[in-house]
Amino acid sequence: MQLAVLAKAKKDKAGMKTQLEAAYRFDPTQPEPLKALVSFAVEDKRDADQIALLRRYTQLEQHDQDMWTLYLGLLVDQKQWAEAVK
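Each value, and the rule that gives it
- Residues numbered from 1 in each chain as written.
- Predicted model: local features only at pLDDT ≥ 70, side-chain atom pairs only at ≥ 80, totals over all residues.
- Heavy atoms only, no water.
- Salt bridge = Lys/Arg side-chain N within 4 Å of Asp/Glu carboxyl O.
- Buried < 20%, exposed > 50% of the residue type's maximum accessible area, 1.4 Å probe, protein only.
- Axes fitted to C-alpha atoms, helices over the stretch in contact; angles between N-to-C directions.
- Helix = DSSP H or I, 4+ residues; strand = E, 2+ residues; numbered from the N terminus.
- Parallel < 35°, antiparallel > 145°, perpendicular 65-115°, else oblique.
- Left-handed = near helix turned anticlockwise from the far one by under 90°.
- Contact = heavy atoms within 4.5 Å.
- Nonpolar A, V, L, I, M, F, W, Y, C, P; charged D, E, K, R; others polar.
- 1 Å grid on protein atoms, 1.4 Å probe; cavity = no way out; pocket = protein on both sides within 12 Å on 5 of 7 lines; lining within 4 Å.
- Points joined across faces, edges and corners; volume = space filled by probe spheres on them.

Enquirer: Account for the pattern of salt bridges, naming residues and giving values.
Expert: Here the idea is simple: oppositely charged side chains can pair when their charged atoms come close. Under the defined criterion, the tally for this structure stands at six salt bridges. Close ionic contact of Arg46 with Asp49 constitutes a salt bridge, the shortest N to O distance being 2.4 Å. You can call Arg46 partly exposed: its relative accessible area is 22%. The partly exposed category is assigned to Asp49, whose relative accessible area is 34%.

Structure below.
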């Protein structure tokens, strides 16, 4: 995560994303890298990536109402009813 912070300070968006992905691979039980990656996906309007990232994030951080609202909204928009019901 510290390498992602350094990349952010250098305004290196690609480097920051790479470091966040590495941080998640290093410890997939930590929600912070996923939350930051969700922000990138929202910023770039990549709905499929948002859903995949939010699926993982919401399993780790079950009480983040904003992320659950975003996740459910995307599922409804994509008509993924079975997953929305779960």
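Enquirer: Describe the packing of helix α3 (residues 31-43) against helix α4 (residues 47-60), and please don't skip the residues or the numbers.
Expert: With their axes 9 Å apart at the nearest point, α3 and α4 run at an angle of 155° to one another. If you check the angle between α3 and α4, you find them roughly antiparallel. The two elements α3 and α4 cross, and the hand of that crossing is left-handed. Residues Pro31, Leu34, Lys35, Leu37, Val38, Ala41 and Val42 of α3 form the contact with α4, whose own contacting residues are Asp49, Gln50, Leu53, Leu54, Arg56, Tyr57 and Leu60. Among the residues forming the contact of α3 with α4, the class breakdown is ten nonpolar, one polar and three charged.

Enquirer: Hey, could you go over the layout of surface pockets for me, with residue numbers and the actual values?
Expert: Any empty space left between the atoms is revealed when a probe the size of a water molecule rolls over them. Quantified by volume, the largest pocket comes out at close to 150 Å³. The wall of the largest pocket is formed by Arg55, Gln59, Trp68, Tyr71, Leu72, Leu75, Glu83, Ala84 and Lys86. Those elements that place two or more of their residues in the lining of the largest pocket are α4, α5 (65-77) and α6 (81-85). For the lining of the largest pocket, the element with the most residues is α5, which contributes four residues.

Everything listed here is a matter of coordinates, which is why it stays silent on function.
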